[in-house]
Structure formats: C-alpha cells, structure tokens
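Breakdown of the fold
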Amino acid sequence: MAERARRPRRPREEREARPARARKPPRPKAPTRRGEGTGGAFGMTGTRRAALFAMVLCALALSIAVPLRTYLSQRDELRDVGAEQQKLRETVAALEKRKAELNDPAYVEIEARKRLHWVRPGETPYIVQLPGDESRNTETERPSGKQAAQGSWYEELWESVTHK
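Residues numbered from 1 in each chain as written. Predicted model: local features only at pLDDT ≥ 70, side-chain atom pairs only at ≥ 80, totals over all residues. Heavy atoms only, no water.

On to the overall build of the chain. Of regular secondary structure, the chain possesses five helices and zero strands. Along its sequence from the N terminus, the chain presents helices and strands in the succession α-α-α-α-α. Counting across all 164 residues of the chain, residues that qualify as buried make up 3%. Accessible surface computed for the chain: about 16600 Å², of which carbon and sulfur atoms make up 58%. (Helix = DSSP H or I, 4+ residues; strand = E, 2+ residues; numbered from the N terminus. Buried < 20%, exposed > 50% of the residue type's maximum accessible area, 1.4 Å probe, protein only. Areas by Shrake-Rupley, 256 points an atom, 1.4 Å probe, with all protein chains shown as cover.)

Below, the structure written as structure tokens:
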C-alpha cells in the first residue's frame, strides 16, 4: 500500500483560532439497532453478552458433568468391591480354619460321633435325653436302619428320578 503523505499538524492555537464557520461539524456516530453507542465490548449488547456467557457456562458445565459422574460412580463401585473383598477374605480365613480342623483325625472322630451317632466296634451307644428334649425327635437324628442298596449311585439316582 502506498503511504499517504501526511500534512504537518497545525499547532493548537491556530486550530482554535479558526473561525467557527470554517470548523467542520462533528461526524455522527454509526447508527446501531438501539440507537447511539457502540454496544460495549466486541460490539455486543448486554443481552447478547449475557446469552454468550450463559452458553459458555453451560458448555463448561456439560464438559465437566460427564467425567465427574463417571468418577463418582467408579468411586462408589470401588468402595463396594473393597467391602466385598473384605467379606471374601473373612470367608477364606474361616474356611482355612475349618480345613485345618478337618485335617485333625481326632476332630473328625468327634464330629462323626456327634452328628452321625457312630460308635466303635464293641461300644454300646446311649442317647441321653435332657429336660427340654421332649420336643426333639430323636428318630430323625439317627442314621437310617435301612441297608444300603447294592446298585451304584447313578442307578439309584436314575431310579429315584423315574419313580414318581
């Protein structure tokens, strides 16, 4: 672009000394929709600025909401999994203790005598009834007196299924 030659500015006194008729009238400002004024920053009115601010705020809220919701749900899930893991550890500890007890032959013998009413050959079994045991049915607690069937277990299972 070609540079325009600038005229040297006149001193202020000379400019003010010019007659009033020689002065140029001030240029009117460009008209806007709402009359006079530039409309603020970026040539926008207050309502447009507020709308733009609200849109930016909504966009920020939406961009933060999804990751925040995911974070909170994963934190709750992690807490639930931690509680379940603790319960499983307690269950494993109880089962390991039970396994150690069942590896002891003396404990197995005590359980067989107590639950199944087993006795060693030559011993005489007695059932002691204490007060309050009248309501207890001892016949259901005893092992059945039936002889075991001579067939295999799967034959017995099949017969129990087919006989209605």
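Anyway, onward from the coordinates.
The subject of this paragraph is the UniProt feature "transmembrane region" (unreviewed entry) in the chain. Mapped onto this numbering, the UniProt entry annotates "transmembrane region" (unreviewed entry) at residues 50-68. Structurally, residues 50-68 comprises 100% helix and 0% strand, and the distance from its first C-alpha atom to its last is 26 Å. (UniProt positions renumbered as here; feature names shortened; annotations may be inferred.)

This part covers helix α2 (residues 46-102). Here α2 spans 83 Å end to end across 57 residues, near enough to the 84 Å set by a 1.5 Å rise per residue. Of all the bends in α2, the largest measures some 25 degrees and sits at Ala 65, one to four residues before the proline Pro 67. (Expected span 1.5 Å × (residues − 1). Bend = angle between axes of the 7 residues up to and from the residue.)

Attention shifts here to the packing of α2 against helix α3 (residues 105-116). Remark: α2 packs on α3, axes separated minimally by 7 Å, with the N-to-C direction vectors making an angle of 90 degrees. When the interaxial angle is binned, α2 and α3 end up roughly perpendicular. Counting all contacts with α2, which are made through Arg 98, Glu 101 and Leu 102, the residues of α3 involved are Tyr 107, Val 108 and Arg 115. The residue inventory of the contact of α2 with α3, partitioned by class, reads three nonpolar, no polar and three charged. (Axes fitted to C-alpha atoms, helices over the stretch in contact; angles between N-to-C directions. Parallel < 35°, antiparallel > 145°, perpendicular 65-115°, else oblique. Contact = heavy atoms within 4.5 Å. Nonpolar A, V, L, I, M, F, W, Y, C, P; charged D, E, K, R; others polar.)

A separate point is a nonpolar patch on the surface. Taken together, the side chains of Leu 52, Met 55, Val 56 and Leu 60 define a hydrophobic patch exposed on the protein surface, amounting to about 390 Å² of accessible area. One can find Val 56 in helix α2. (Patch = residues over 30% accessible without salt bridge, like charges linked within 9 Å, V, L, I, M, F, W, Y side chains within 5 Å. Salt bridge = Lys/Arg side-chain N within 4 Å of Asp/Glu carboxyl O.)

On to the confidence of the model for the chain. Averaged over every residue, the pLDDT of the chain is 79; residues scoring 70 or more account for 68%. Within the chain, helix α4 (residues 138-141) has the poorest average pLDDT of any element, 62, and α2 the best, 93. (pLDDT = per-residue confidence, 0-100.)

It is worth spelling out the pattern of salt bridges at this point. Overall, the coordinates contain six salt bridges when judged by the stated rule. A salt bridge links Glu 109 to Arg 120; the nearest nitrogen and oxygen atoms lie 2.8 Å apart. Residue Glu 109 is located in helix α3, and its partner Arg 120 is located in the loop between α3 and α4; the two are separated by eleven residues in the primary sequence. Here the salt bridges do not stand alone but share partners, grouping Glu 109, Arg 113, Arg 120 and Glu 123 into one network.

Time to look at the environment of Arg 120. Residue classification places Arg 120 among the partly exposed positions, given a relative accessible area of 46%. Apart from the residues lying within four places of it in its own chain, the contact partners of Arg 120 are Glu 109 and Arg 113. A polar contact is formed between the side chain of Arg 120 and the side chain of Glu 109, at a distance of 2.8 Å. (Polar contact = N/O pair within 3.5 Å; in protein donor to acceptor, adjacent residues only side chain to side chain.)

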